[in-house]
Amino acid sequence: MRGRELRGELDAFLAESEQDLVAFRRDLHMHPELAFAEYRTTQRIAERLTAAGLSPRVLPKGTGLICDVGSGDGPTVALRADIDALPLQDEKDVPYRSTVPGVCHACGHDVHTTVLLGTSLFLAQQAAAGLLPGRVRLIFQPAEEAPGGALEVMAHGGISGVDRIFGLHCDPRVDVGQLGLRVGPITSACDRLTVRVSGPGGHTARPHLTADLVFALAKILTELPAALSRRIDPRSSLSLVWGRVEAGSAANAIPDDGVAEGTVRCLDEDAWHAAPDLIKSLLESVASAYGIEATMDYTRGVPPVVNDEVSVEMLGEAAERVLGAGAVVPTQQSLGGEDFAWYLESVPGAFARLGTRSPDGVTYDIHQGTFDVDEQAIAMGVRVMAATAFTALWDVGPLDSTVTSALA
């Protein structure tokens, strides 16, 4: 089954299922659950998959699940959706507004989950008819926002035997019916840094008799980011940005301790691995110049998501098959973190941006209580993910190499 046939099969499936999928998304939106607490969400997904004749396997913590569709003969392609919500108040005035105080789907994970569910049901039909040329691994991942859910999936065999993996994320800057793609880094590594400084303290009238800790901390705040920009290839987009600084309690007293917290973001994996040691050496150099002690707590977050070129080609040709010519658009790199990156450290794959904005409509922003989508995006996502699974299982070269040459 190729091109036109696949599009026709998807048209027929969505004619019967689209409204049901919209209702499923709204139910999830009304009942959001935080990372590693997605028990109801997991149960609802498992019920629908089981009813379709599939055998979902819930992860040991009780949230998130894995399910295979099709035969083990031939390649195995994985499709992933994240299922958790955010600790934010839903500020929308809609019938499907969150019923859980302080928790809402403000990042589109309810859409991702519904898209993968719809894709699962379609693929189950195709497999039952003997039309699926391989196996598709469905990954409904918990705790992307924690993060940690991807590592939980991997620890329990979620990508064992997988040849290629794909995911998508809502993009409110892209119109419905379009898919944003990019070869190479598409999201950033994101780590947390805490710097603690200490010194003897003293009176502001006599800074020369002590270590001027506040002045030294200010130098750390400015000189570390500046030095990094000269020690790392600027194409890596390594950045250190401070978010919290605290020192002292009186205008005329030099304090004896202080703290600064920030994030380190990077688009290059080699630079990401090098960052902790480099920052530590720069910190020690600045601190010693001003006679203070400085310690660093560096907490790894996620690597950058680096899209494999062949996988992007597959996504691109699949999207053009089922959404039409011109559906694929270039997308910008983001310095936000995404734990899909952990899968790509082991398996080639790609991450796409699904357009969710109504043409000429409001451009929302993710991680805001007002976030919402044009629900036509659900059907578009099902088309893309299903077609991508078939394209990867066919394992053919790109129909039109110009799709990805424009995205590199």
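To be clear, the structure that these remarks concern was listed above.
Position numbers for residues start from 1 in each chain and track the written sequence from start to end. Predicted model: local features are reported for residues with pLDDT of at least 70 only, side-chain atom pairs are reported and counted for 80 or more only, and whole-chain, interface and lining totals are derived from all residues. Note that water and hydrogens are dropped before the side-chain values are worked out from all heavy atoms of the structure.

Caption draft 1: Layout of the pattern of salt bridges. Salt-bridge detection follows one rule: a side-chain nitrogen of Lys or Arg within 4 Å of a carboxyl oxygen of Asp or Glu. Enumeration according to the criterion identifies 25 salt bridges in this entry. A salt bridge links D82 to R80; its shortest N-O distance comes to 3.7 Å. Each member of the pair, D82 as well as R80, is classed as buried. For R80, the salt bridge identified is with E338, shortest N-O distance 2.7 Å. Within this pair, whereas R80 is found in strand β3 (residues 76-82), its partner E338 is found in the loop between β15 (328-330) and α8 (341-344), the two being separated by 258 residues in sequence. Both residues of the pair, R80 and E338, count as buried. Via salt bridges that share partners, R25, R26, D110, D372 and E375 belong to a single interconnected network. The cut-offs for exposure are 20% and 50% of the maximum accessible area for each residue type, with area from a 1.4 Å probe on protein chains only; residues under the lower value are buried, those over the upper are exposed, and the others partly exposed. Counting from the N terminus, the helices are DSSP H or I runs at least four residues long and the strands are E runs at least two residues long.

Caption draft 2: View of the sheet that holds strand β16 (residues 349-357). In this analysis, strands are considered paired if DSSP registers two or more bridges between them. Judged by pairing direction, the sheet is mixed, and its eight strands sit side by side in the order β1-β2-β4-β3-β5-β16-β6-β15 without closing on themselves. Taken across any chain shown, the strands that pair with only one partner, and hence form the sheet edges, are β1 (57-58) and β15. Sheet topology note: the strand β5 (residues 164-175)/β16 ladder contains eight bridges and is parallel. Of the residues in β16, the one forming a bridge with C170 is L354. The contact rule is simple, with two residues in contact once any of their heavy atoms fall within 4.5 Å. Angles shown run from 0 to 180 degrees and are taken between the N-to-C directions of axes, each axis being a line fitted to C-alpha atoms and, for helices, limited to the stretch in contact. Across the sheet, helix α2 (residues 39-51) touches β1, β2 (65-70) and β4 (135-141), and the angle it forms with β2 is around 15 degrees. Together, β2, β3, β4, β5 and β16 form the strand contacts of helix α3 (residues 109-128), whose direction differs from that of β3 by roughly 150 degrees.

Caption draft 3: Region of interest: the sheet that holds strand β12 (residues 257-266). One open sheet holds the four strands; their spatial order is β10-β12-β8-β13, and the pairing between them is antiparallel. With one partner strand each, in any of the chains shown, β10 (239-247) and β13 (293-302) form the two edges of the open sheet. Strand-to-strand twist of the sheet, defined as the mean angle between neighbouring strand axes without regard to direction, takes the value 15 degrees. Of the strand pairs in this sheet, β10 and β12 are connected by eight bridges, and their pairing is antiparallel.

Caption draft 4: Broad picture of the environment of Q178. Tracing the backbone shows Q178 in the loop between β5 and β6 (179-181). Sequence separation between Q178 and A325 is 147 residues; the distance between their C-alpha atoms is 10.0 Å. Contacts of Q178, omitting those with residues within four sequence positions, involve G326, A327, V329, R353, L354 and G355.

Caption draft 5: Geometry of α3. Expected span of a helix: the number of residues minus one, times 1.5 Å. Its 20 residues give α3 an end-to-end C-alpha distance of 28 Å, which sits within 8% of 28 Å, the value for a rise of 1.5 Å per residue. Two residues or fewer after α3 comes G130, characterised by a positive phi angle close to 75 degrees.

Caption draft 6: Quick look at the packing of aromatic side chains. Stacked, edge-to-face and tilted labels apply to pairs of Phe, Tyr and Trp rings (six-membered ring for Trp) whose centres lie within 6.5 Å, assigned for plane angles under 30 degrees, over 60, and everything in between, in that order. Per the counting criterion, the structure on display carries six aromatic pairs. Consider the rings of F390 and W394, whose centres lie 5.7 Å apart with planes at 45 degrees: the pair is tilted. Of this pair, F390 and W394 both sit in helix α9 (residues 376-394), four residues apart, roughly one helical turn. Joined through ring pairs, the aromatic side chains of F340, Y343 and F351 make up one cluster. Working rule: Lys NZ or Arg CZ, within 6 Å of ring centre, within 35 degrees of ring normal, means a charge sits over the ring. A cation over a ring is seen here: K61 above F36, with NZ or CZ 4.3 Å from the ring centre. The cationic tip of R300 hangs over the ring face of W272; the distance from NZ or CZ to the ring centre is 4.1 Å.

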